[in-house]
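# An overview of the molecular structure
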Amino acid sequence: MEAFSLQIAGGTVAGLRSGTAGARRVLALHGWLDNAASFVPLAAHLEGVDLVAPDLPGHGRSFHLGQGADYSFAGAVNTVLDIADALGWERFSLLGHSMGAGIASLVAAGCPDRIERLVAIEALGALPEPAGRTTVRLREAVAANRKLNDKQLRVFADPAPAVRARMAANALGEASARLLVERGLRRVEGGFSWSSDPRLTLPTMVRMTPAQVDDLIAGITCPTRVIYADPPQPYLPEPDRSRRARLLPQGELVVLPGGHHLHMEQPADVAAAIGDFLRG
């Protein structure tokens, strides 16, 4: 994949791009604390698409949001549309993994006239929470936010410990972890530190209720293919994750054996499951 950068309202968005100009336009949105390199293994197996994978704000080599802003899914919707506008894309498809699939779900539901197709890997909609936890969550998030300035970023003498940390945290193979780490580190005094915005680790201030998430998913009217790994992740267990997929008006569900980052660890299998769909 080749590097690119473009300007949107908040600053410079960096990313990686591959494929054929003029082919099906696909905007690929990575997961939480990942970056555009998340799609490097998969890109090698996808044909007939123009694949653009940005580092979402706060991640990789893209800009960080301004002081006082927070990284909500809802706030990311306009960022995605701004990136598409900067590319000159009026209509396009979305490919999202984990957090990126959640953001893509909101974009597809909120702007149906612009989204042709959606592939959601290992997430669909948003993480719900009972209404009775609204105040507790808000208080916890505000308290964590006010304490953020006291936190010190970890410094690695060289990238190797960071690679091992990603392998342990996400059950990733070394090659996949290295791809994410090499794009996700920056040089600092004494070695290397994560380039991602520390505010990304803060609790979400407000979450949708389960009923709101269901309504959101039911509002995704474009053809959608959902890819889940087996075994399921604790945050999206069965039977609820399959129930969610059935809410889609034009949805298809594919379950593949693998881990959460199956698009990196088993890219050929995932490409076989989504390539024909993305090409239409």
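Residues numbered from 1 in each chain as written. Predicted model: local features only at pLDDT ≥ 70, side-chain atom pairs only at ≥ 80, totals over all residues. Heavy atoms only, no water.

## Quick look at the side chain of N35
- Within the element layout of this structure, N35 appears in the loop between β3 (24-29) and α1 (40-43).
- For N35, a relative accessible area of 2% translates into the label buried.
- Sequence-distant contacts of N35, that is, excluding residues within four places in its chain, are made with H30, D55, G60, L179, L180, R183 and G184. (Helix = DSSP H or I, 4+ residues; strand = E, 2+ residues; numbered from the N terminus. Buried < 20%, exposed > 50% of the residue type's maximum accessible area, 1.4 Å probe, protein only. Contact = heavy atoms within 4.5 Å.)

## Things to note about unusual backbone geometry
- Cis peptide bonds are those with omega within 30 degrees of zero, and the linkage from D230 to P231 qualifies with 15 degrees.
- Following the sequence through the fold, P231 ends up in the loop between β9 (224-230) and α8 (240-246).
- Cis geometry is adopted by the peptide bond preceding P239, which originates at E238 and carries an omega value of 5 degrees.
- Here the phi dihedral of S98 falls at roughly 55 degrees; this positive angle occurs in a residue that is not glycine.
- Owing to a relative accessible area of 14%, S98 belongs among the buried residues under this scheme.
- Not every positive phi belongs to a glycine, and A171 is a case in point at roughly 55 degrees.

## Digging into the side chain of R199
- Mapped onto the secondary structure, R199 falls in the loop between β8 (191-194) and α7 (210-218).
- A polar atom in the side chain of R199 sits 2.4 Å from the backbone oxygen of L65.
- Residues in contact with R199, not counting those within four places in the same chain, are H64, L65, G66, Q67, G68, A69, Y71 and L148. (Polar contact = N/O pair within 3.5 Å; in protein donor to acceptor, adjacent residues only side chain to side chain.)

## A closer look at the pairing of strand β4 (residues 49-54)
- Extensive coverage of β4 is indicated by the burial of six of its six residues.
- Of the two faces of β4, the one lined by V49, L51 and A53 and the one lined by D50, V52 and P54 are each fully buried.
- By the bridge criterion, five bridges tie strand β2 (residues 12-19) to β4 in an arrangement that is antiparallel. Residue pairing across strands places S18 opposite L51, the latter belonging to β4. (Pairing = 2+ DSSP bridges.)

## Section: the sheet that holds strand β10 (residues 251-257)
- Pairing is mixed in the open sheet, where eight strands are placed in the order β1-β2-β4-β3-β5-β6-β9-β10. Only two strands of the sheet have a single neighbouring strand rather than two, namely β1 (2-7) and β10. Neighbour-to-neighbour, the strand axes of this sheet turn through a mean angle of 25 degrees, independent of strand direction. (Axes fitted to C-alpha atoms, helices over the stretch in contact; angles between N-to-C directions.)

## Examining a nonpolar patch on the surface
- A contiguous nonpolar surface patch, about 230 Å² in accessible area, is contributed by L138, V142 and V206.
- Locating L138 in the fold gives a position in helix α4 (residues 134-146).
- Taking relative accessible area as the criterion, L138 reaches 37% and is therefore assigned partly exposed. (Patch = residues over 30% accessible without salt bridge, like charges linked within 9 Å, V, L, I, M, F, W, Y side chains within 5 Å. Areas by Shrake-Rupley, 256 points an atom, 1.4 Å probe, with all protein chains shown as cover. Salt bridge = Lys/Arg side-chain N within 4 Å of Asp/Glu carboxyl O.)

## A look at helix α2 (residues 73-87)
- With 15 residues, α2 ought to run about 21 Å at 1.5 Å a step, and its terminal C-alpha atoms sit 21 Å apart, in line with that.
- Taken together, the buried positions of α2 are occupied by A76, V77, T79, V80, L81, I83, A84 and L87.
- Directly beyond the C-terminal end of α2, a positive phi value near 80 degrees is found at G88. (Expected span 1.5 Å × (residues − 1).)

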